[in-house]
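# Residue-level structural notes
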Amino acid sequence: MLKDKGEQRTSLASLGEFGLIDHLTANFKVTQSSTIKGIGDDAAVLDFKSKKVVVSTDLLVEGVHFDLSYMPLKHLGYKAVIVNLSDIYAMNATATQITVSIAVSNRFPLEALEELYKGIQTAAEIYNVDVVGGDTTSSTTGLLLSVTAIGEIEEEKLTYRNGAKANDLLVVTGDIGGAFLGLKVLQREKSVFEVNPNNQPDLDMYTYIIERQLKPEARKDISKLLHDLEVQPTSMIDISDGLSSEIMHLCKQSDVGCNLFEDKIPLDPQVISTAEEFNIDSTMVALSGGEDYELLFTVKQEDFSKIKANPNFSIIGHMTEAREGIHLITRANTKIPLKAQGWNAMDE
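It is worth spelling out the overall build of the protein chain at this point. Helices and strands together make up the secondary structure of the protein chain, namely 10 helices and 14 strands. Relative to a compact globule of 348 residues, whose C-alpha radius of gyration would be 20 Å, the protein chain shows 22 Å and is just as compact. Each principal axis of the C-alpha atoms in the protein chain carries an extent, and together these give about 65 × 60 × 30 Å. Long-range pairs, those at least 24 residues apart, make up 85% of the contacts in the protein chain between residues at least 6 apart in sequence. Roughly 16,700 Å² of accessible area belongs to the protein chain as shown, and the carbon and sulfur atoms make up 49% of that amount. Charged side chains of the protein chain number 32 positive and 51 negative; the gap between the two group centres comes to 2 Å.

This is the structure we're talking about:
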C-alpha cells in the first residue's frame, strides 16, 4: 500500500504539525447551523439550543483494526467516519460534527495522508457532518486514527439500549454477515499473494461483501424512516460486534430475554454462497461476524403493521421475560441458548 512506485513523497516534517493540519483540512466546509466555530481556534464552538447532544468515539489501530495491505487509505478514512456515525444513528439521533485525530509514523508521506483525508472528506460530505477539530502526532507503531462523532436529537426521540420490554418485536435493518466474509476473502487473497506475488486476485464474485468490509455505510436513513412511519423504537444498538453480542447487550441493559428465529435472519445470497465456500455456517457468520453497521432495535407489538411490509426491516424475533433466557430458535425448531460468540449446541 505504501510502496514507493515513483510517486511524489513529501515528508511530513517539512510541514510541521500545524502546517499539516492546515494542509489536510483546507477543503473542509462548514454546513451545519449548530457549528459556530470549526477548525482554526483552540476549541470548536457548537450551539444545539434545545436539543440533546450525543457523543461517541472510536480508536482504530493499524494491525489490530485494519491491514493496509488490502485497506486503501481513502477507504480507511471513509470507514473511520462511518463506524462513529453509526453509533450516533443507534441513538436515533442526527450526526452533525466529527473530530479527527491521527498518530502517524515517518513511513507515511504527505500524499498518503491526503488519501486518508479524501476518504474522511467524502464521508463528511455524503453524511452532511462538519469536521470541526482534531489532532496530529507522531507514532512509532504505524497509524492510529481516532474519530469523535457528535449529534443532536430531541429528548423524546432519544433511544437507549435499556428500553425493551417483554413481547416487543426485535427488528434489524438491511442484511448481515457480509463484512465478516468480505474480510475472510481479503485475508485469503493476501495469503495467496504473499506466496505468489504474480497472482492477481479475481474478486468480481465477491464485490458486495468486500464493499461491506472496506466501505461500509451507516444507516442515516433509519431515524427519518421510523419518524415518518410514526414508530418510536423502545431500544436500539448498531451491529458492530455480531448479532448475538448486540442482542445480549439489549437484553442485559433492558433486563429481558429474547427468542431469535434463525429463518428470519436476513442474509444476502453472496453471504450464503461464500459461507458455503469457506465451509462456515451462515447463521454463525451473522451471529458472530460483526462490522455490518446495521441497526438492531425493538418496537412495541402494536407497531407491527407499520413496519411489516417495509423492505428496510426484518422482524427476526421478540423479547421475553428475563427468566426465559436468550435463545436461538433454529430452522428445525430447536431452542438453543445464545452465546456472545454464537451459540454452544453442547448446552442442549
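Read across the sheet, 4 strands follow the order 3-6-4-5 without closing on themselves; strand pairing throughout is mixed. Since the sheet does not close on itself, it has two edges, and those belong to strand 3 (52–61) and strand 5 (130–138), each with one partner. Between one strand and the next, the sheet's axes are offset by a mean angle of 15 degrees, whatever the strand orientation. Where strand 3 meets strand 6 (residues 144–153), 10 bridges bridge the pair, whose relative direction is antiparallel. Bridging across to strand 6, Leu59 finds its partner in Ser146. Here helix 3 (residues 110–126) sits on the sheet in contact with strand 4 (94–104), strand 5 and strand 6, set at roughly 170 degrees to strand 4.

Right, let's talk about the confidence of the model for the protein chain for a bit. Summarising the model, the protein chain shows a mean pLDDT of 90, and 91% of its residues fall at 70 or more. Note on residues 342–348: pLDDT is under 50 here. Beyond four places in sequence and across chains, it has 21 contacts.

As for its placement among the helices and strands, Asp175 is situated in the loop between strand 7 (169–173) and helix 4 (178–195). Among the polar contacts made by the side chain of Asp175, one reaches the side chain of Tyr208 at a distance of 2.9 Å. Setting aside residues no more than four positions away along its own chain, Asp175 makes contact with Tyr208, Arg212, Pro266, Leu267, Asp268 and Glu294.

Right, let's get into the nonpolar core. Residues Leu76, Leu85, Ile98, Leu243, Ile247 and Leu296 are the most contacted members of the largest nonpolar core, which totals 85 residues. Beyond its immediate stretch of four places on either side in the chain, Leu85 contacts Ala95, Ile98, Tyr127, Val129, Ala149 and Ala218.

Glancing now at the packing of helix 2 (residues 73–89) against helix 3. Contact geometry for helix 2 and helix 3: axes closest at 7 Å, N-to-C directions at 40 degrees. Taken together, the axes of helix 2 and helix 3 are oblique relative to one another. The interaxial crossing formed by helix 2 with helix 3 has right-handed handedness. Here Leu73, Lys74, Leu76, Gly77, Tyr78, Val81 and Ile82 of helix 2 lie close against helix 3, whose contacting residues are Ala112, Glu115, Leu116, Lys118, Gly119, Ile120, Thr122, Ala123 and Ile126. Here the contact of helix 2 with helix 3 is composed, by residue class, of 10 nonpolar, 3 polar and 3 charged.

Attention now goes to the pairing of strand 6. In terms of residue burial, strand 6 counts as a mostly covered element, since 9 of its 10 residues are buried. Across 9 bridges, strand 4 lies against strand 6 in antiparallel orientation. Counterpart to Thr94 in the pairing with strand 6 is Glu152.

Here is what the cut-offs are and how they apply
- Residues numbered from 1 in each chain as written.
- Predicted model: local features only at pLDDT ≥ 70, side-chain atom pairs only at ≥ 80, totals over all residues.
- Heavy atoms only, no water.
- Helix = DSSP H or I, 4+ residues; strand = E, 2+ residues; numbered from the N terminus.
- Rg over C-alpha atoms; globule rule 2.2 N^0.38 Å.
- Contact = heavy atoms within 4.5 Å.
- Areas by Shrake-Rupley, 256 points an atom, 1.4 Å probe, with all protein chains shown as cover.
- Lys, Arg positive; Asp, Glu negative; His and termini not counted.
- Charge placed at Lys NZ, Arg CZ, Asp CG, Glu CD.
- Pairing = 2+ DSSP bridges.
- Axes fitted to C-alpha atoms, helices over the stretch in contact; angles between N-to-C directions.
- pLDDT = per-residue confidence, 0-100.
- Polar contact = N/O pair within 3.5 Å; in protein donor to acceptor, adjacent residues only side chain to side chain.
- Core = buried A, V, L, I, M, F, W, Y, C linked by side-chain atoms within 4.5 Å.
- Buried < 20%, exposed > 50% of the residue type's maximum accessible area, 1.4 Å probe, protein only.
- Parallel < 35°, antiparallel > 145°, perpendicular 65-115°, else oblique.
- Left-handed = near helix turned anticlockwise from the far one by under 90°.
- Nonpolar A, V, L, I, M, F, W, Y, C, P; charged D, E, K, R; others polar.

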